[in-house]
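For reference, the chains in residue letters:
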Amino acid sequence: MEILKVENLCKTYGKGEAEVKALKNVSFSLEKGEFAAVVGESGSGKSTLLNCIGALDTPTSGSIFIDGQNLFSMKEEKRTIFRRRNIGFIFQSFQLVPELNIEQNIVFPLLLDYRKPDPKKVNEILNMLGLTERREHLPSQLSGGQQQRVAIGRALITQPKLILADEPTGNLDSKNSQDVMDMLTTASRHYQQTILIITHNKNLTASVDRVFQVSDGVLTDLGGVANETLS
Amino acid sequence: MKHYLELVPISARVHRKQNRMSIFCIILAVFLVTAIFGMADMFIRSQIMQAQIDGGNFHIGIKDITDEEATLISKRPDIQAAARYGVLNFRGNEGYTFEGWNAVIVGCDEEYMTKLMVDIIEEGNFPQNNLQVMITLNAKEYLGLQIGDTVAINTPGGTEFHYEISGFCNDNSKTMSEDSYGFFMTTSAFRKMYPTEKSDKLADYNSILCVQFSDLKNIQNTINNLKEECHLSDGQVSENTKLLGLLGQSTNSFMVQVYMSAIILFLLVMFAGIIMIASSLNSNVMQRIEFFGLIRCIGATPKQVMKLVSKEALNWCRFAIPVGVAMGIVVVWVLCAVLRVLSPEYFGAIPTFSFSLPSIVAGIVIGLLTVLLAAHSPAKKAAKVSPLTAASGNALNLRPVRKAANTKIFKVEISLGIYHAISSKKNFVLMVLSFSISIVLFLSFAVAIAFANHTITPLRPWTADISIISPQNTCSIDNSILEKLEKNPIVNAAYGRMFSYDVSTTVNDDRVTLDIISYEQKQFDWAKNYLLQGSIKVVQNEVNTGMIVYSPENNIEVGDTVNCRIGEKPIEIKIAGILSDCPFNTTSNGILICSENTFQKITGQNKYTIIDIQLDKNATDTDVNALHQMIGNDFTFSDERMGNESTRGIYYCMCLFLYGFLVIVALITIFNIINSIALSVAARTKQYGAFRAIGVSTKQLTKMIIAEAATYTIMGTVIGSILGVAFHKLLFGMMITYNWGDTWKIPLNELGIIIAIMVFSIIIAVYRPVKRLRKMSITENISAQ
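Just so we're clear, the structure is a prediction, and the values are computed from it rather than from any experiment. (Residues numbered from 1 in each chain as written. Chains lettered and ligands numbered in written order. Predicted model: local features only at pLDDT ≥ 70, side-chain atom pairs only at ≥ 80, totals over all residues.)

Undergrad: Can you lay out the overall build of chain B for me, pointing to particular residues and giving the numbers?
TA: When you go through chain B residue by residue, the secondary structure sums to 27 helices and 22 strands. Buried residues in chain B amount to 44% of all 785 residues. (Helix = DSSP H or I, 4+ residues; strand = E, 2+ residues; numbered from the N terminus. Buried ≥ 20, exposed ≤ 12 C-beta atoms within 10 Å, placed from the backbone.)

Below, the structure written as structure tokens:
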């Protein structure tokens, strides 16, 4: 079952001499439960690709379908609600709400949807993340690795169709980075969750199903585990 | 770049948008102080001019001294000018006449006319000998007199004094209103005419020595020295209270209360300026801390960071203070120009482009000191940031969060909005104070309007330009005169009244002395707005009915019967209404108003005592003189135009000044709220971006911002209302209850207006930043500076 479909995606910044083509006719798709990684040099366009797929930015042309729905044919308000329910985000700098505690941060997307969080589900996620004891703590009282785990919990709580992770290990040491990757892999396997992550750490692509490379705005599908191909 | 402080202008260019708001706040605060102080200065200047024109430019009058003592006093070095001044027939009851009209005789030294009065000589010169006299301008216009003509003044003893006219001086409203002529002669000529024996005492000639001091700073000290050195008692020295009061030199208890109130109002204005700047600087502290934290990372010492912050704040002042001061000056100029247009007779002398030095200095000093003080705290905060925290790159973590937001009571976006408002205690207090100070200022200045309405009675609809009054206030003006007047094209309205004074009546077995006055249609129409109880229609249409004018002394009520007897027949008048006010409230008797028919029935009289005339706008002095000639000498022709014009001028001036204040306060409220919310939103732009990325819709973001703004507003309104009402009560007590005994009431209307202004401001304040956020893509939003 096709969860994500990107067709001829282009993104251009600036005009005239300052024009930069960040994405050039990018097309690919992801099936349900697939765990994919996008690798590329800094400035190659991988973050732009992720921002467009996540509807954080508007593409210059092309279409993005999530679960068969064209993201950019929706109006802003509808798109936000769609995104909230169907796309989970994990950022390099965590982007937790400092005013909310760990549990509140995790259930935040549900609260925004005016839904009542299921305590069982919340406990399950807190358990999986190993944060049950710290549910009342504030983000500022956690380490970087723990904060990123909270961000993963927040992305998982709505059981979205797709999770997008932008350099989720960029601010973490190697031990914490591996922990985060393991957690994402578990989520992918356990919940049949489709995940697309961006990373420049090729070692971390070992556990993913597919690897894409972006270079100068052009996406190449590298197929299975990147390590074999890239090395 | 040669010095690290050169980073300031470079960073200012980068952070132009954030800095713009702080600069705007400083401009507003400096503008507020400069404009209000400037307006107050201009108002006092114009009032001083008015007081000098009306009452003379002298500070004290000294009586019961001899000519020798007067000469000695006038030669003292601390005295700028001094002149003897005496008057005869001031009230028109001593029998001095000129061509059958009252003559008010003034005997004075030349300095009185040239130095102690302002622009009084219109044409010619002060009399150079005892056979010359100056006369008021109305004599020239009405009698066609010229300089060099001879006039004769008749004394009550039957003697006739002949003088040659040496010049004309401006009429004052008294001579115009009393249909008399003023004569100004030398002191010796005056003494020759004076009926008592000759002596060298001023008191023997109803004269005083008017004194103008050279040093205006410490007049009370100068007066005390003068009293001590010249052995003058307190009773001998009288102050020109109005002028001294305006110069800030009066010891009169009324003026002291007014000074105290003015000081409180000015302190409030200063406090508002300080709070606005402090609140604005504190609001963008987060962005500044991040920036300076980075500087710390690179290797700046805390001291260097503090220097950078102070330099940045001073840099803002370099632009903001001159702009604020300039805006204040321009507003004062515009107001001066408006004053000149509104009342050229009284404010024509105010220079349109004059500078108010105290207001400029106040604006600069308050702006500079506040900015430096307000910048000190963020500078200290920035200096304290550890390089490690700054290096983590997550600015949001720089704000310490001690307790999680409560998401159980409200929806999550509302809870976060409230939390954003109250999370930083200092910011919250400053914001709430800056919002509440607007209410306090508004309510405090509202007291000044009530004060103005008490001190200067605005012209009523029935105010007449000219009154024709029968001699001895009898009913003797024929109805045909009223008919003639009504047909005259320069007469806009003419209406007559019949008076019967001191009528003994009995009401509810009590003896009451009443003045009975008749009204016609127009006067009944005007009275409608002053009806407290009963019906005007009944009084107008039914014979033997009347209305009583309310006064605390009488307890006549609607339904009571007034029994009176004028002549043979006793008559009963039923009271059908009570009025709160009428044009004549000087009498100590009660006032009964009835229709002309009822009046005729009671008194048997059918002629008027007084006919009031309201003139057409285009009526000229020539038209009025023609009217005067038509009426002739049988009745007193009382020209009230000058007095009315003066009242109107002062009232406009007061209104413009006070309502100007209120408008400025309201505008400042609107700008301050818009700016504060914009600053607060700008400081959280990145966070809002992150929220949007997680899935917060723009609608929810709007609610979050509204919740934050509403928290400030509600708290500001509650605190502002409590403090504002307290200040209102305090000032009301000092300015109004103290003088007129009015009881204080909660100013609900004013409170409603300012709260409505605040709510309106909040709507605009939220609308703009939300619109800006809506336009931004989420990625722009997250990476916003």
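Next comes the rest of the description.
Undergrad: Summarise the overall build of chain A; cite the residues concerned and give the values.
TA: When helices and strands are tallied, chain A shows seven helices and ten strands. By the burial criterion, 48% of the 231 residues in chain A qualify as buried.

Undergrad: Got a sec to walk through the confidence of the model for chain B? Specific residues and values, please.
TA: When pLDDT is averaged along chain B, the result is 81, and 88% of the positions lie at 70 or above. Here residues 391-398 of chain B is a poorly scored stretch, pLDDT under 50, and it has 17 contacts once near neighbours within four places are set aside; other chains count. (pLDDT = per-residue confidence, 0-100. Contact = placed C-beta atoms within 7 Å.)

Undergrad: Account for the sheet that holds strand S1 (residues 2-13) of chain A, naming residues and giving values.
TA: Residue and element names in this part refer to chain A. What the four strands build is an open sheet, ordered S2-S1-S4-S5; its pairing is antiparallel. The open sheet has two free edges, formed respectively by strand S2 (20-31) and strand S5 (69-70), since each of these has just one partner strand. Bridge count for S1 against S2 is eight bridges, and the pairing is antiparallel. The residue of S2 that forms the bridge with Tyr-13 is Val-20. Along the sheet, helix H1 (residues 46-53) contacts S1, S2 and strand S4 (61-66); its crossing angle with S1, the most-contacted strand, is approximately 120°. (Pairing = 2+ DSSP bridges. Axes fitted to C-alpha atoms, helices over the stretch in contact; angles between N-to-C directions.)

Undergrad: Can you lay out the packing of helix H3 (residues 102-112) of chain A against helix H5 (residues 144-156) of chain A for me, pointing to particular residues and giving the numbers?
TA: Residues and elements named next belong to chain A. Two elements in contact, H3 and H5, have axes whose closest approach is 7 Å; the angle formed by their N-to-C orientations is 35°. Between H3 and H5 the crossing geometry is right-handed. From H3, Ile-102, Asn-105, Ile-106, Phe-108 and Pro-109 reach across to H5, where they touch Val-150, Gly-153 and Arg-154. (Left-handed = near helix turned anticlockwise from the far one by under 90°.)

Undergrad: For the environment of Leu-247 of chain B, give the residues involved together with the corresponding values.
TA: Residue and element names in this part refer to chain B. Note that Leu-247 resides in the loop between helix H9 (241-246) and helix H10 (253-283). Spatially, the C-alpha atom of Leu-247 lies 9.8 Å from that of His-59, the residues being 188 residues apart in sequence. Apart from the residues within four sequence positions on either side, Leu-247 is in contact with Ile-48, Leu-216 and Ile-219.

Undergrad: Can you explain the interface of chain B and chain A? Please cite residues and give values.
TA: The figure often quoted for interface size is the accessible area lost as the parts come together. On the side of chain A, 25 residues touch chain B, which itself brings 26 residues to the contact. Going through the elements one at a time, helix H16 (412-423), helix H24 (685-694), helix H25 (698-740) and helix H27 (778-782) of chain B are the ones with two or more residues in the side of chain B that touches chain A. By residue number, the principal contributor to the side of chain B that touches chain A is H16 of chain B, which donates four residues.

Undergrad: Help me get a handle on the sheet that holds strand S3 (residues 35-40) of chain A, residues and values and all.
TA: Residues and elements named next belong to chain A. The sheet built from six strands is open, its strands ordered S6-S7-S8-S3-S9-S10 with mixed pairing. Of all strands in the sheet, those bounded by a partner on one side alone are strand S6 (87-90) and strand S10 (218-221). Along the sheet, successive strands turn relative to each other by an average axial angle of 20°, direction set aside. The sheet strands contacting helix H6 (residues 174-191) are S3, strand S7 (162-166) and strand S8 (194-198), and the helix crosses S8 at an angle near 155°.

Undergrad: Kindly report on the nonpolar core, identifying the contributing residues and their values.
TA: Residues and elements named next belong to chain B. In this structure, Ile-26, Leu-32, Ile-36, Met-39 and Ile-277 are the most contacted members of the largest nonpolar core, which totals 180 residues. If you tally residues by element for this core, the top one is helix H2 (residues 16-55), at 18 residues. Composition of this core by domain shows at least three residues from each of domain 1 (1-56 + 257-400) and domain 3 (410-461 + 640-785). Setting aside chain neighbours within four positions, we find Ile-277 in contact with Cys-25, Ile-26, Ala-29, Thr-370, Val-371 and Ala-374. Counting residues in hydrophobic clusters, the runner-up holds 50 residues, among them Cys-108, Met-113, Val-133 and Leu-243. (Core = buried A, V, L, I, M, F, W, Y, C linked by C-beta atoms within 7 Å. Domains from an automatic or database assignment.)

Undergrad: Could you give an account of unusual backbone geometry, naming the residues involved and the relevant values?
TA: Positive phi outside glycine occurs at Ala-55 of chain A, with the angle close to 60°. Residue placement: Ala-55 of chain A occurs in the loop between H1 and S4. By the C-beta count within 10 Å, which is 24 here, Ala-55 of chain A ends up buried. Look at Asp-64 of chain B: it is not a glycine, yet its phi comes out positive at around 55°.

Undergrad: Can you break down the environment of Ile-764 of chain B residue by residue, with the values?
TA: Residues and elements named next belong to chain B. One can find Ile-764 in helix H26 (residues 748-775). Assessed through the 12 C-beta atoms surrounding it within 10 Å, Ile-764 is described here as exposed. Taking C-alpha positions, Ile-764 is 9.9 Å from Phe-671, a pair spaced 93 residues apart along the chain.

Undergrad: With reference to specific residues and values, describe the confidence of the model for chain A.
TA: Low pLDDT means the predicted atomic positions in that stretch should not be read closely. All names here are of chain A. Looking at chain A as a whole, the pLDDT averages 87, with 97% of positions reaching at least 70. The least confident element of chain A is helix H7 (residues 226-230), whose mean pLDDT is 41; the most confident is S4, at 94. Contacts from residues 226-231, a stretch scored under 50 in pLDDT, to residues over four places away or in other chains number eleven contacts.

Undergrad: Explain the pairing of S3 of chain A residue by residue, including any values.
TA: Residues and elements named next belong to chain A. With respect to burial, S3 is a largely interior element, six of its six residues being buried. Side-chain alternation along S3 places Phe-35, Ala-37 and Val-39 on one buried face and Ala-36, Val-38 and Gly-40 on a second face that is also buried. Of the pairings in the sheet, the one linking S3 to S8 comprises four bridges and is parallel in character. Counted as the bridge partner of Val-38 is Ile-198 from S8. Across five bridges, the pairing between S3 and strand S9 (residues 210-215) is parallel. When the sheet's bridge partners are listed, Val-39 is paired in S9 with Gln-213.

Undergrad: Account for H1 of chain A, naming residues and giving values.
TA: All names here are of chain A. For H1, the buried fraction is high: eight of the eight residues fall into the buried class. Within the span of H1, buried status applies to Lys-46, Ser-47, Thr-48, Leu-49, Leu-50, Asn-51, Cys-52 and Ile-53. Positive backbone phi, approximately 60°, marks Ala-55, located one or two places after H1.

Undergrad: So what's going on with the environment of Phe-266 of chain B? Residues and values would help.
TA: All names here are of chain B. Relative to the assigned elements, Phe-266 resides in helix H10. On the basis of neighbour counts, which here come to 15 C-beta atoms within 10 Å, the residue Phe-266 falls in the partly exposed class. For the pair Phe-266 and Leu-441, spaced 175 residues apart in sequence, the C-alpha to C-alpha distance is 9.7 Å.

Undergrad: So what's going on with the pairing of strand S7 (residues 150-154) of chain B? Which residues, and what values?
TA: Residues and elements named next belong to chain B. Sheet analysis places S7 next to strand S8 (residues 160-169), joined by five bridges and oriented antiparallel. Paired with Ile-153 across the strands is Phe-161, a residue of S8. Linking S7 to S8, which pair antiparallel, is a turn of five residues; within it Gly-158 sits at a positive phi near 100°.

Undergrad: Tell me what's going on with the packing of H5 of chain A against H6 of chain A, and back it up with residues and numbers.
TA: Residues and elements named next belong to chain A. Put simply, H5 and H6 touch, their axes get as near as 10 Å, and they point 15° apart. The orientation of H5 with respect to H6, classified from their angle, is roughly parallel. Handedness of the crossing formed by H5 with H6: right-handed. Where H5 abuts H6, its residues Gly-144, Gly-145, Gln-148, Arg-149, Ile-152 and Leu-156 lie against Asn-176, Asp-179, Val-180, Met-183, Leu-184 and Ala-187. Each residue belonging to the contact of H5 with H6 can be placed in one class, and the counts come to six nonpolar, four polar and two charged. (Parallel < 35°, antiparallel > 145°, perpendicular 65-115°, else oblique. Nonpolar A, V, L, I, M, F, W, Y, C, P; charged D, E, K, R; others polar.)

Undergrad: Just give me the short version of helix H21 (residues 596-603) of chain B, but keep the residues and values in it.
TA: Residue and element names in this part refer to chain B. Among all positions in H21, only Thr-598, Phe-599 and Ile-602 are buried. An end-on view of H21 places all buried positions within 100° of arc, on one side of the element. Trailing H21 by a residue or two, Gly-604 shows a phi angle of about 80°, which is positive. (Arc of directions from axis to C-beta.)

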